[in-house]
Amino acid sequence: MAYDSEDITPPLAADAQNPKSAKSPKAPRRGTQRAGDDDIAPQEHEPEFVEISRAPDSKAGAVIESAELKDSELETEEFSTHGSPVFSAIKWLVVGGILLWLYFQLAGLFQLVLAYEGWRFWAALVVFALPVSLILYVIVKLFLLVGRLPKHDQVKGNLDTCDIEEKRRLKEQIKPYLRSLPNDYENIFKPEDRSHIAARIESLRKDSRYSDSNGWMDDFAFFQKEQEKRALDIVKKYCTLIALKTAACPWKIIDMVIVFVNLTLMITRIAKVYNRRVTRGGAFRLLCHWFVNIYVSGELGAITENAADKMSNGLAQWLAGGNAENVAQEGLGGLLGASMPILSKVAGKAAEGSINAYMAYRMGRRAIDEFRFLKLASR
């Protein structure tokens, strides 16, 4: 490498300590080509500060806009169901009609009690007071429970969404509900499930072992499935009780009392499982289903009995007419024909109990949907 300058003497120590005082040729400016050489000295760059100023992403704006739209839709729905005077008038008309119907049903039974005299009157009065007291007991129990339950608005969302902001929003809405669960909440579940339910609730409340919202939402989805599983066990239990009791009871009014009491107790226990109070609209829908079940249970006995009688009469006539050639067969047909009225009664009551159980199951599913805190968007 050749240079034009012949001065190869190193600088003195004083010059080395003070580069400005060194008597050497002026160093070429960095980034320029030196004379007689092809090398280019590297240029020093000062750090540059770039100010970033841009609008937010359109995706983030879309999420904010959709959240605002959902809030407005919820406010519209809340106003249309809760604040509408038309809805309130319809609600009170339905409640008043149900109470008036129940009054006439009990008034007819009380008139039957007054027809007796002496000790029969007191015995009939006790028999009348027992179902009435049971009805009052379950009503008071339901209202006391509703007064203690916290009021949380039902949240709608999709647990399978890939939108992180949506999951964070759902998580912040779910946390107050988890904090409102009582300390002994796990006692509602079966003994073999209590330990892991309590551990799951504690993890969800502390939110310390989750790295992101995905794991937290997966655990809450599992917890809500356990709630639904427990609620379905309660529904199946009371459906079985309704089926057996209404099938064995021969009186219409007692059938109605059985359905009334068991449906009310079923709703009470489902409310305890979810530990929240339903909205007014949800309570109104449950009340309508509850009344339909009671009314149908009162009328169902006569319908199934008449249908079973017609079927038994037709079968008895077929047995008597088709077996006239053989004496033994004729005797068997006559025996079956004579037993048909009893078999028709049993078949009619069995059909009545099955239909009552099916309708109670439908109402139980409806109650679970109303009490569930997080309602999946796909449902």
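Residues numbered from 1 in each chain as written. Predicted model: local features only at pLDDT ≥ 70, side-chain atom pairs only at ≥ 80, totals over all residues. Heavy atoms only, no water.

What am I meant to see in helix α5 (residues 164-179) here?
The end-to-end C-alpha separation of α5 is 23 Å, in line with the 22 Å expected for 16 residues at 1.5 Å each. Three or more residues of α5 are buried, namely Glu166, Lys167, Leu170, Lys171, Ile174, Lys175, Tyr177 and Leu178. (Helix = DSSP H or I, 4+ residues; strand = E, 2+ residues; numbered from the N terminus. Expected span 1.5 Å × (residues − 1). Buried < 20%, exposed > 50% of the residue type's maximum accessible area, 1.4 Å probe, protein only.)

What am I meant to see in the pattern of salt bridges here?
Note that side chains of opposite charge can pair when their charged atoms are close. All chains considered together, the criterion is met by 12 salt bridges. Across the pair Lys206 and Glu202 runs a salt bridge whose closest N-O atoms are separated by 3.4 Å. One end of the pair is Lys206 and the other is Glu202, both in helix α6 (residues 194-206) and four residues apart, which spans about a single turn. Classification of Glu202 by relative accessible area gives partly exposed; the value is 36%. (Salt bridge = Lys/Arg side-chain N within 4 Å of Asp/Glu carboxyl O.)

Could you clarify how one ought to interpret the confidence of the model for the chain in this entry?
For the chain, the mean per-residue pLDDT works out to 75, and 67% of the residues sit at or above 70. Ignoring residues within four places in sequence, the model shows residues 52-82, a span with pLDDT below 50, making 13 contacts including any to other chains. Every residue in residues 323-329 is under pLDDT 50, and counting partners more than four places away or in other chains gives three contacts. (pLDDT = per-residue confidence, 0-100. Contact = heavy atoms within 4.5 Å.)

What is the right way to read the environment of Phe220 from this model?
Within the fold, Phe220 resides in helix α7 (residues 213-248). Counting along the chain gives 20 residues from Phe220 to Arg200, while the straight-line C-alpha distance between them is 8.3 Å. Non-local contacts of Phe220, meaning those with residues more than four positions away in its chain, are made with Ile174, Leu178, Leu204, Phe373 and Leu374.

Sorry if this is basic, but what is going on with the side chain of Asn262 here?
Here Asn262 shows up in helix α8 (residues 252-274). Contacts of Asn262, omitting those with residues within four sequence positions, involve Tyr238, Leu241, Ile242 and Lys245.

Honestly, unusual backbone geometry in this entry has me stumped. Any pointers?
Although it is not a glycine, Asn275 adopts a positive phi angle of roughly 50°. Along the polypeptide, Asn275 turns up in the loop between α8 and α9 (280-322).

Looking at this structure, I do not really get the nonpolar core. What am I missing?
If you look at soluble globular proteins, the nonpolar side chains tend to sit buried side by side. Counting residues in each nonpolar core, the largest one holds 58 residues, and the members touching the most others are Leu178, Phe220, Phe223, Ile270 and Phe371. Sorting the residues of this core by element identifies α3 (85-114), α4 (119-148), α5, α6, α7, α8, α9 and α10 (327-371) as the ones contributing at least two each. Non-local contacts of Leu178, meaning those with residues more than four positions away in its chain, are made with Leu204, Arg205, Trp216, Phe220 and Phe223. (Core = buried A, V, L, I, M, F, W, Y, C linked by side-chain atoms within 4.5 Å.)

Got a minute to help me understand a nonpolar patch on the surface in this structure?
The grouping of Leu100, Tyr103 and Phe104 at the surface amounts to a nonpolar patch, some 360 Å² of accessible area in total. Relative to the helices and strands, Tyr103 resides in helix α3. Here Tyr103 falls in the exposed class, since its relative accessible area comes to 52%. (Patch = residues over 30% accessible without salt bridge, like charges linked within 9 Å, V, L, I, M, F, W, Y side chains within 5 Å. Areas by Shrake-Rupley, 256 points an atom, 1.4 Å probe, with all protein chains shown as cover.)

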